[in-house]
Amino acid sequence: MSDRAEMRGPVTRRRRTTISGGGNGAIGVKQANGSKCHEAGEKPPLCPAKAKKDEVDRHASNNGKVDKQTRVSGEQQLANTPRKQRSAVEDINERLSCHVLQESLLSSASGYSNYRGILNWCVVMLVLSNARLFLENIIKYGILVDPIQVVSLFLKDPYSWPAACLIIVSNVFILAALYTERRLAVGTISEMAGLILHIFNLTSLLIFPSATVLTVPSMTPVGGVLSLGVYTVLFLKLYSYQDTNRWCREIRQAKAKRLTRSYSCPSVAQSNGSAVHAHVSYPGNLTHRDMYYFVFAPTLCYQLNFPRSSRIRKRFLMRRLFEMLFFTQLLVGLIQQWMVPTIQNSMKPFQEMDFSRMMERLLKLAVPNHLIWLIFFYWFFHSSMNFVAELLQFGDREFYKDWWNSETVTYFWANWNIPVHKWCLRHFYKPMLRKGINKFCAQTAVFLMSAFFHEYLVSVPLKMFRLWAFMGMMAQVPLAWFVSRFLNGNYGNAAVWISLIIGQPVAVLMYVHDYYVIHYGGTT
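Computed from a predicted structure; not experimentally measured.

Novice: Quick rundown of the overall build of the protein? Include the residues and the values.
Specialist: On a plain count of helices and strands, the protein comes out with 19 helices and four strands. Taken over 524 residues, the protein has a buried fraction of 33%. Residue pairs at least 24 apart in sequence account for 70% of intrachain contacts in the protein once pairs closer than 6 positions are excluded. Surface exposure of the protein reaches about 33500 Å², of which carbon and sulfur atoms provide 64%.

This is the structure we're talking about:
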């Protein structure tokens, strides 16, 4: 038995525990060796073996953190050391070599394109050089600006206003076109009769004012240019008016059971802000209100429903009005102070046919003439047309594009005057293409028509026919071919600018010279 106990003792030996009650009724657990592990209600203390083990673990953990920090700091030192070495090497290399493979900025291979400073320099030089010319002009001639003289350019007799009366009479042709379209809409007259009436009305629009200007002695050249300009605009507008309404009738005949609009004027609901303008369809557009809105609108192409803005911006309107008044005074001052004395001094070389002096005078006149043309462009196409468009809430404000970047002559003529370009494209160029005429002939015909109107607006008011404007416009055809064929990029743009500075303005100046030579040849 003792053997069995001896054999089982180490194997079956159990730890005996006793349960004793405390004073507070708590139960305590005691080990057989008499050591107390924990009591209820307190944090159990660690046993010696377990405490020793935890202490070893904490020591090992701390050692691990220290080792990790030491390792990281060592890596940082190792990383910083090569970096410092590299920066030192780079510093030495920079001191040893300061040249790299590169092109000069002004070379085309460099790819450099920021010449804003040079552009500013050109503007400053232009301002300074013109300031010197202005100062020289004032010292030589004094102050020549005279507002009373401007009035005399429009009126010879303060009690006779032929230009204003001629413009008022234009309402007859406007109403004739409207009533003709009304008769065509209801079928009272045939299409052939309506076509004949429109041709007669449009022909009279060109013949009647020119005959009046040529025969009325009290008509001044400036008044004649103003009145003929109004009639020319009306001619283009009324041609577009009858053309668009004819397209509407063709669509209506094709779709007789319902009213429709022409494909050239799509019906798109224009809603901007709180204003939604009512849309009309043919023949509901044949009203006095619609006709006179089109007459005063800054466009030459008619459509039944124009894009409209939601409201009139008063600040924008006042800014445009201020620009109109300011640039009008500036144009008058430049013409009286700069142009007129130079023109008067250039009469003698023209009378003596001194070609070298003539060329010198023409070049001297080209710069102020071009400056005045630029100011006139801004005054008319930006200030004036935006003023009228804002007043009428006309939505299409694209009156010009970036013609100053033109690299071809064709691009310039297509983008500097968008209303005329749209009219030519819609009512003249594309109809010829639809009839089988090739593009070159169609473009030549467009230039031919433009040359006629330029000559019409210059020769008739001056009452002399020299064909300088006509030949200047027709010279644009070979010039356009030459520039597009042989000049590209900046060279083409420079050719366009040269043609503007010494081309068309020179033709106009030659008319002015001839006018002064004819009327004031005996005076100096």
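Still to come is the rest of the account.
Novice: Explain the nonpolar core to me, using residue names and the numbers behind them.
Specialist: Judged by nonpolar contacts, the single largest core of 64 residues is most densely connected at Leu205, Met291, Phe412 and Trp416. Judged by nonpolar contacts, the second largest core, of 13 residues, contains Met324, Met339, Trp379 and Phe387.

Novice: Give a description of the packing of aromatic side chains that names residues and reports values.
Specialist: Tallying each qualifying case throughout the model produces 36 aromatic pairs. With a centroid separation of 6.2 Å and an interplanar angle of 10°, the aromatic rings of phenylalanine 294 and phenylalanine 306 are classed as stacked. Linking phenylalanine 294 in helix α9 (residues 288-296) with phenylalanine 306 in the loop between α9 and α10 (314-345), this pair joins segments that are 12 residues apart in sequence. With respect to burial, phenylalanine 294 and phenylalanine 306 carry one shared label: buried. Measuring from centroid to centroid gives 6.3 Å for phenylalanine 377 and tryptophan 416, while their planes differ by 35°, and the two rings are tilted. Of the two residues, phenylalanine 377 is situated in helix α12 (residues 355-392) and tryptophan 416 in the loop between α13 (409-415) and α14 (418-434); the sequence distance between them amounts to 39 residues.

Novice: Got a sec to walk through a nonpolar patch on the surface? Specific residues and values, please.
Specialist: Taken together, the side chains of Leu105, Leu106, Tyr112, Tyr115, Ile118, Trp121, Val124, Met125 and Leu128 present a nonpolar region at the surface, about 930 Å² in accessible area. Considering the arrangement of structural elements, one finds tyrosine 115 in the loop between α2 (48-96) and α3 (116-141).

Novice: Hey, could you go over the pattern of salt bridges for me, with residue numbers and the actual values?
Specialist: In total, this model carries nine salt bridges according to the counting rule given. For glutamate 390, the salt bridge identified is with arginine 397, shortest N-O distance 2.9 Å. For glutamate 390, a relative accessible area of 1% corresponds to the buried category. Judged by its relative accessible area of 22%, arginine 397 falls in the partly exposed class. By sharing partners, the salt bridges in this structure join Glu181, Glu191 and Arg249 into a single network.

Novice: Residue-level account of the environment of leucine 175, with values.
Specialist: With respect to the secondary-structure elements, leucine 175 resides in helix α6 (residues 171-186). Once residues lying within four places of it in the same chain are set aside, the contact partners of leucine 175 are His288 and Tyr292.

Novice: Residues and numbers for the packing of α14 against helix α15 (residues 439-462), please.
Specialist: Packed helix pairs are characterised by how far apart their axes lie and by the angle those axes make with each other. Where α14 contacts α15, the axes come no closer than 9 Å and their chain directions differ by 140°. Relative to α15, α14 is oriented oblique. The crossing of α14 and α15 is right-handed. Where α14 abuts α15, its residues Trp423, Cys424, Phe428, Tyr429, Met432 and Leu433 lie against Lys439, Ala442, Gln443, Ala445, Val446 and Met449. Class assignment for the residues of the contact of α14 with α15 results in 10 nonpolar, one polar and one charged.

Novice: Account for the packing of helix α7 (residues 191-215) against α15, naming residues and giving values.
Specialist: Interhelical geometry of α7 versus α15 gives an angle of 25° and a closest axis separation of 9 Å. Regarding the angle of α7 to α15, the classification is roughly parallel. Along its contact with α7, which presents Leu205, Leu206, Pro209, Ser210, Val213 and Leu214, the element α15 presents Phe452, Phe453, Tyr456, Val460 and Pro461.

Novice: Provide a residue-level description of the environment of isoleucine 502, including the pertinent values.
Specialist: Here isoleucine 502 shows up in helix α18 (residues 490-502). Residues isoleucine 502 and asparagine 369, 133 residues apart in the sequence, show an inter-C-alpha distance of 9.4 Å. With sequence-adjacent residues up to four places away left out, isoleucine 502 is seen in contact with Leu363 and Ala366.

Novice: Tell me about unusual backbone geometry, residues and numbers included.
Specialist: Look at the link from tyrosine 282 to proline 283: it is a cis peptide, with omega at 5°. Along the chain, proline 283 falls in the loop between β4 (275-276) and α9. In this structure, lysine 463 is a non-glycine residue whose phi angle is positive, near 60°. Position of lysine 463 among the secondary structure elements: in the loop between α15 and α16 (468-474). Overall, lysine 463 belongs to the partly exposed group, its relative accessible area being 37%. Positive phi, close to 65°, is recorded for leucine 467, a residue that is not glycine. Positionally, leucine 467 belongs in the loop between α15 and α16.

Novice: Give me the lowdown on α12, citing residues and values where you can.
Specialist: Along its length, α12 shows its largest kink, about 25°, at tryptophan 379. Phi for glutamine 393, located one or two positions after α12, is positive at around 55°.

Novice: Before we move on, can you summarise the side chain of arginine 426 with the specific residues and values?
Specialist: Inspection of the secondary structure assignment puts arginine 426 in helix α14. At a separation of 2.7 Å, a polar atom in the side chain of arginine 426 contacts the main-chain carbonyl oxygen of tyrosine 302.

Novice: Run through the confidence of the model for the protein, naming residues and quoting values.
Specialist: Per-chain confidence: the protein averages 78 in pLDDT, with 76% of residues scoring 70 or above. Note on residues 1-53: pLDDT under 50 across the span, and 28 contacts to partners over four residues away in sequence or across chains. Scored below 50 in pLDDT, residues 259-276 shows 37 contacts in the model against residues more than four places distant or in partner chains.

Novice: Could you give an account of the side chain of asparagine 201, naming the residues involved and the relevant values?
Specialist: Among the secondary structure elements, asparagine 201 is positioned in helix α7. What makes asparagine 201 buried here is its relative accessible area of 8%. Among the polar contacts made by the side chain of asparagine 201, one reaches the main-chain carbonyl oxygen of phenylalanine 173 at a distance of 3.2 Å. For asparagine 201, the contacting residues outside a window of four places in its chain are Phe173, Ala176, Ala177 and Leu238.

Cut-offs and rules
- Residues numbered from 1 in each chain as written.
- Predicted model: local features only at pLDDT ≥ 70, side-chain atom pairs only at ≥ 80, totals over all residues.
- Heavy atoms only, no water.
- Helix = DSSP H or I, 4+ residues; strand = E, 2+ residues; numbered from the N terminus.
- Buried < 20%, exposed > 50% of the residue type's maximum accessible area, 1.4 Å probe, protein only.
- Contact = heavy atoms within 4.5 Å.
- Areas by Shrake-Rupley, 256 points an atom, 1.4 Å probe, with all protein chains shown as cover.
- Core = buried A, V, L, I, M, F, W, Y, C linked by side-chain atoms within 4.5 Å.
- Phe/Tyr/Trp six-rings, centres within 6.5 Å; stacked < 30°, edge-to-face > 60°.
- Patch = residues over 30% accessible without salt bridge, like charges linked within 9 Å, V, L, I, M, F, W, Y side chains within 5 Å.
- Salt bridge = Lys/Arg side-chain N within 4 Å of Asp/Glu carboxyl O.
- Axes fitted to C-alpha atoms, helices over the stretch in contact; angles between N-to-C directions.
- Parallel < 35°, antiparallel > 145°, perpendicular 65-115°, else oblique.
- Left-handed = near helix turned anticlockwise from the far one by under 90°.
- Nonpolar A, V, L, I, M, F, W, Y, C, P; charged D, E, K, R; others polar.
- Bend = angle between axes of the 7 residues up to and from the residue.
- Polar contact = N/O pair within 3.5 Å; in protein donor to acceptor, adjacent residues only side chain to side chain.
- pLDDT = per-residue confidence, 0-100.

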